[in-house]
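Below, each chain spelled out in residue letters.
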Amino acid sequence: MISLPAYAKINLYLEVLGRRADGFHDIETVFQAIGLHDVVEVALAPGDGIALTCDDPSLPCDATNLAWRAAAAYHAANPLPGRIAIALAKRIPAGAGLGGGSADAAAVLNACDRLARDPLGAARLEALGATLGSDVAFLVRGGTAHATGRGEVLTRLPDAPALPITLLMPDGAHCATPAVYRALTEAERGPRPPRGAAWFAGRVADPATWLHNRLASPARRVCPPVSALLDHLARLG
């Protein structure tokens, strides 16, 4: 049995570069893994298939769960000898933009690779993660990274300095990512040019000088509790 932390992420910088022909948006972002994490346990048991349990009864434990899909994708790419049994202990809140489901999927990929007779390695796991979700490829390795495309085209950056952060999520603040993107105005959608990984690499030691999130305004429009919280924080300085 392999037990791994599944670290959440934040976006230190997130810019929308324009809408794509496939309906998605090109973005430029800087991902940062943070200390908040779920715990993912993966074991091989006699038999076939995938079994998933979770301590959060509100989450599905079937093929609609990204952790289940990660196990299926790994097994299709590199079959494992037995039934893949997954147990999730959830700590990352859903709908908070912290990548909780993606973190679980990345941890499942890493755990499966440790259980495999012939491991795929980090680069191939990232490529596999990119087929599951835009954040999964980054969360396979974590750290600090620049990303473009839908978030799956990664350039590793020097680690940002260790910083204390406070995460706030008001009651009723679930913001579905598709709804937030739909709420972008045409001006917010772009198009606009990227800054490029080299720009951030030279400034990663002081992220407070370039923090930015283009999705903050549409999130306000989609989710009034988020807007109220941001206004409250602004009043506090």
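Per-chain numbering applies: the sequence of each chain, read as written, is numbered from 1 onward. It should be noted that, the model being predicted, local features are given only for residues of pLDDT at least 70 and side-chain atom pairs only at 80 or more, the latter also being counted only at that level, while totals for whole chains, interfaces and linings use all residues. The side-chain values count all of the structure's non-hydrogen atoms but skip hydrogen atoms and water molecules.

Counting from the N terminus, the helices are DSSP H or I runs at least four residues long and the strands are E runs at least two residues long. Scanning the protein from terminus to terminus reveals nine helices and seven strands. The atom set for the radius of gyration is the C-alpha atoms, and the globule formula is 2.2 Å times the number of residues raised to the power 0.38. Taking 2.2 N^0.38 as the reference for a compact globule, 237 residues should give roughly 18 Å; the C-alpha atoms of the protein span a radius of gyration of 18 Å, in line with that estimate. In terms of its C-alpha atoms, the protein occupies a principal-axis envelope of roughly 55 × 40 × 40 Å. The buried share among the 237 residues of the protein stands at 44%. Using the Shrake-Rupley algorithm and a 1.4 Å probe, accessible areas are obtained, with residue cover drawn only from the displayed protein chains. Surface accessibility of the protein: about 11,700 Å² in total, with carbon and sulfur atoms responsible for 56%. Under the counting rule used here, the positive set is Lys and Arg, the negative set is Asp and Glu, and His together with the chain ends is not counted. A charge is said to be at NZ when it belongs to Lys, at CZ for Arg, at CG for Asp and at CD for Glu. Of the side chains in the protein, 22 bear a positive and 22 a negative charge, and the two mean positions are spaced by 4 Å. Each residue gets one of three labels from its accessible area relative to the maximum for its type: buried under 20%, exposed over 50%, partly exposed in between, using a 1.4 Å probe on protein chains only.

Turning our eyes to something else, we now look at the pattern of salt bridges. By salt bridge we mean one thing: a side-chain nitrogen of Lys or Arg within 4 Å of a carboxyl oxygen of Asp or Glu. Across all of its chains, the model carries 14 salt bridges by this definition. Ionic pairing is found between arginine 214 and glutamate 15, a salt bridge with its closest N-O pair at 2.7 Å. With arginine 214 in the loop between β7 (212–213) and α8 (216–222) and glutamate 15 in strand β1 (residues 2–19), this pair connects stretches of sequence that are 199 residues apart. Glutamate 15 sits in the buried class, given a relative accessible area of 7%. Ionic pairing is found between aspartate 55 and arginine 91, a salt bridge with its closest N-O pair at 3.2 Å. You can see aspartate 55 sitting in the loop between β3 (50–54) and α1 (66–77) and its partner arginine 91 sitting in the loop between β4 (83–89) and α2 (100–115), a full 36 residues away along the chain. In the salt-bridge network here, residues are joined through shared partners; they are Glu15, Arg192 and Arg214.

Turning our eyes to something else, we now look at the packing of α2 against helix α3 (residues 122–130). For helices, the axis comes from a line fit to the C-alpha atoms of the stretch in contact; other axes are also lines fit to C-alpha atoms, and the angle between any two N-to-C directions lies between 0 and 180 degrees. At a closest axis distance of 10 Å, the pairing of α2 and α3 adopts a crossing angle of 140°. In terms of axis orientation, α2 runs oblique to α3. As α2 packs across α3, the resulting crossing turns out to be right-handed. On the side of α2, the interface is formed by Leu109, Asn110 and Asp113, while α3 contributes Leu125, Leu128 and Gly129. Roughly parallel covers angles under 35 degrees, roughly antiparallel covers those over 145, roughly perpendicular covers 65 to 115, and oblique covers all other angles. Put simply, a crossing is left-handed when the front helix is turned counterclockwise from the back one by less than a right angle, and right-handed when it is turned clockwise. Note on contacts: a residue pair qualifies if any of its non-hydrogen atoms lie within 4.5 Å across the two residues.

Two elements in contact, α1 and α2, have axes separated by 8 Å at closest approach and are oriented at 30°. In terms of axis orientation, α1 runs roughly parallel to α2. The handedness of the crossing between α1 and α2 comes out as right-handed. Contact with α1, carried on its side by Leu66, Ala67, Ala70, Ala71 and Tyr74, involves Gly101, Ser102, Asp104, Ala105, Val108, Leu109, Cys112 and Asp113 of α2 and no other residues of that element.

Our focus in this paragraph is the nonpolar core. Formed by 50 residues in total, the largest nonpolar core has its most connected members in Val40, Val42, Tyr74, Ile84, Ile86, Val108 and Leu109. With eight residues, the single largest contributor to this core is α2. If near-sequence neighbours (up to four positions away) are discounted, leucine 109 is found in contact with Ala70, Tyr74, Leu125, Leu128, Gly129, Leu132, Val136 and Val140. Counting 12 residues, the second-largest nonpolar core is a separate cluster that includes Val16, Ala173, Cys223 and Val226. Put simply, buried Ala, Val, Leu, Ile, Met, Phe, Trp, Tyr and Cys residues joined by side-chain atoms within 4.5 Å make one nonpolar core.

A word on the side chain of asparagine 78. Tracing the sequence through the fold places asparagine 78 in the loop between α1 and β4. Overall, asparagine 78 belongs to the buried group, its relative accessible area being 13%. In this structure asparagine 78 touches Ala116, Asp118, Pro119 and Leu120, once residues within four positions along its chain are discounted.

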